[in-house]
Amino acid sequence: MNYYSLNKKAPNTSFKDAVIRGIAPDRGLYFPEKINPLTNEFFSILDSLDNNEIAYTAIKQFIGDEIPTEKLKEIIKEVLDFNFPVVPIEENIGTLELFHGPTMAFKDVGARFMARCLGYFSEGNTNEITVLVATSGDTGGAVANGFLGVKGVNVVILYPSGKVSEIQEKQLTTLGKNITALEVNGTFDDCQAMVKKSFLDEDLLKNMQLTSANSINVARWLPQLFYFLFAYKQALAKGKEIVFSIPSGNFGNICAGIIAQQLGMPVKHFIAATNVNDVVPKFMQTGKYEPKPSKTTISNAMDVGNPSNFIRIQHIYQNDLNIIRQNISSYSFSDVETKTAMKELYENSDYIADPHGAISYLGLKKYLKDKPNTYGIFLETAHPVKFLGVVEETINRKLTIPSQIEKVMHKEKKSIKISTYLELKEYLLK
């Protein structure tokens, strides 16, 4: 399988090179040369397959022979060693819980998959690879955990100072070893801009091998399609049309769901639910894509003013707004609406949602208003304890701290504060 740049000004490349590069030389995102739909038979027997079999069948075409079959199956088994339950909430509504992994966030799947691919590609390589990643919250912790101790790989994580939760910050600043956290005086957009600029800096590229572990990287992004298939398998018995509602910031997760759709998963519609960072909802209304500075909210992982992966979604749907609208609805919600939804879920369904899951619940409720024969699944992308303050205050209840979180709560935070790209460059060159 080859990959090409969506900017169409760089040579096609292999899966391995796309993973190691992260982003194409022309600044474009890599995209698979073709997507071969899976057989009807595969979907007809889906409920008889285990998660490892489903994942291997779905991902193998995107990797080809670059990772041997047995090694790929081993990677998948290691990555998917936790559950992905669809929990009933209301009639016709369930939530896909993606927080049962080591850092209690959906990004555990992509980060661990990429780390193991990169570890395999780095075997016997004397040159170290530096993974450079910007985070608005959970990416940092998942990447740090996934890459911790991987030989030949150093990880540098940029995060916006004061704009991630305390637990998220602990998860990315307390591990040490080959993980370094850079605390940026700015927003996530500033962090992301620094990362993108690094990949174009000839001084850096001459002196080191850089790659990214954000969802722009194909090995981080593509495996997220797994859990859409797992959820579809669990919802088959409902006998209704299935839709997914995804809390959307950088739009990598919903884009992975759309890849599952392209593989033949019989899901016709997705809801992209956002907070007040509403670039995509506005685009869906007006047809004008106008990035703008991000605003800080209680759903901080979605505080993105220029979603990187939306260009992939436009490409999948042939840059045709009408086709996009046929497949996606997009709504934005305020912090006040988010807290109201969290209270409603707790009081009516005895379910504790984090702010991101609450937004995807709101998007699903809005979409399902006049669709009684549709079963909706909203994604709960992080454990509510990761947003302890806002969740406890909103539902007026103390939460139990899971062991995965407890073990980092009292560790010492270690970060390097920076404000400019020059400071990042100087650190990397050292």
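For the structure given in this document, a descriptive report is provided here. (Residues numbered from 1 in each chain as written. Predicted model: local features only at pLDDT ≥ 70, side-chain atom pairs only at ≥ 80, totals over all residues. Heavy atoms only, no water.)

## Section: the overall build of the chain
Inference 1: Across its full length, the chain holds 20 helices and 14 strands.
Inference 2: Taking 2.2 N^0.38 as the reference for a compact globule, 430 residues should give roughly 22 Å; the C-alpha atoms of the chain span a radius of gyration of 20 Å, in line with that estimate.
Inference 3: In terms of its C-alpha atoms, the chain occupies a principal-axis envelope of roughly 60 × 50 × 45 Å.
Inference 4: When each of the 430 residues of the chain is scored for burial, the buried share is 61%. (Helix = DSSP H or I, 4+ residues; strand = E, 2+ residues; numbered from the N terminus. Rg over C-alpha atoms; globule rule 2.2 N^0.38 Å. Buried < 20%, exposed > 50% of the residue type's maximum accessible area, 1.4 Å probe, protein only.)

## A look at the packing of helix α8 (residues 188–198) against helix α20 (residues 421–429)
Inference 1: Running from amino to carboxyl end, α8 crosses α20 at an angle of 50 degrees, the nearest separation of the two axes being 10 Å. Taken as axis vectors, α8 and α20 run oblique relative to one another. Seen from above, α8 lies across α20 with right-handed handedness. Residues Met194, Lys197 and Ser198 of α8 touch α20, and the partners they reach there are Tyr421, Leu424 and Leu428.
Inference 2: Considered class by class, the residues forming the contact of α8 with α20 number four nonpolar, one polar and one charged. (Axes fitted to C-alpha atoms, helices over the stretch in contact; angles between N-to-C directions. Parallel < 35°, antiparallel > 145°, perpendicular 65-115°, else oblique. Left-handed = near helix turned anticlockwise from the far one by under 90°. Contact = heavy atoms within 4.5 Å. Nonpolar A, V, L, I, M, F, W, Y, C, P; charged D, E, K, R; others polar.)

## Comments concerning the packing of helix α16 (residues 335–349) against helix α18 (residues 388–395)
Inference 1: For the pair α16 and α18, the least separation of the axes is 9 Å and the interaxial angle reads 60 degrees. Relative to α18, the crossing made by α16 is right-handed. Between α16 and α18, the contacting residues are Lys339, Met342, Lys343 and Tyr346 on the first element and Val390, Val391, Glu393, Thr394 and Ile395 on the second.
Inference 2: Each residue belonging to the contact of α16 with α18 can be placed in one class, and the counts come to five nonpolar, one polar and three charged.

## Observations concerning α20
Inference 1: By the burial criterion, the buried members of α20 are Tyr421, Leu424, Lys425 and Leu428. Angular distribution of buried residues about the axis of α20 spans 95 degrees; they occupy a single face of the element.
Inference 2: In this structure, the buried side of α20 is in contact with β6 (129–134), β7 (153–160), β8 (179–184), α8, α9 (202–207) and β14 (416–418). (Arc of directions from axis to C-beta.)

## So, the side chain of Thr274
Inference 1: With respect to the helices and strands, the residue Thr274 is situated in strand β11 (residues 269–274).
Inference 2: In contact with Thr274, not counting residues within four places along its chain, are Ser248, Phe251, Pro281, Met302, Ser330, Tyr331, Ser332, Phe333 and Ile359.

## Topic: the pattern of salt bridges
Inference 1: Under the criterion given, the structure shown has twelve salt bridges.
Inference 2: Linking Glu183 and Lys413 is a salt bridge whose minimum nitrogen-to-oxygen distance equals 3.1 Å. Within this pair, whereas Glu183 is found in strand β8, its partner Lys413 is found in the loop between α19 (403–409) and β14, the two being separated by 230 residues in sequence.
Inference 3: Relative accessible area serves as the criterion here: at 33%, Lys413 is assigned to the partly exposed category.
Inference 4: One salt bridge in this structure joins Asp278 and Lys282, with 3.3 Å as the shortest N-O distance.
Inference 5: For Asp278, a relative accessible area of 11% gives the class buried.
Inference 6: Taken together, the salt bridges that share partners define one network made up of Glu169, Glu183 and Lys413. (Salt bridge = Lys/Arg side-chain N within 4 Å of Asp/Glu carboxyl O.)

## As for the nonpolar core
Inference 1: Within the largest apolar cluster, 122 residues are counted, with the highest numbers of intra-cluster contacts made by Phe15, Phe147, Leu158, Leu225, Phe244 and Met265.
Inference 2: Grouped together as the second largest cluster of nonpolar side chains are 34 residues, Ile271, Phe333, Tyr367 and Ile405 included. (Core = buried A, V, L, I, M, F, W, Y, C linked by side-chain atoms within 4.5 Å.)

## Brief notes about the pairing of β7
Inference 1: In terms of burial, β7 is largely enclosed, as seven of its eight residues are buried.
Inference 2: Taken together, the six bridges between β6 and β7 define a ladder with parallel strand orientation. Across the sheet, residue Thr130 finds its bridge partner in β7, namely Asn154.
Inference 3: Sheet topology places β7 next to β8; six bridges connect them, and they run parallel. Its bridge partner being in β8, Tyr159 is matched across the sheet by Glu183. (Pairing = 2+ DSSP bridges.)

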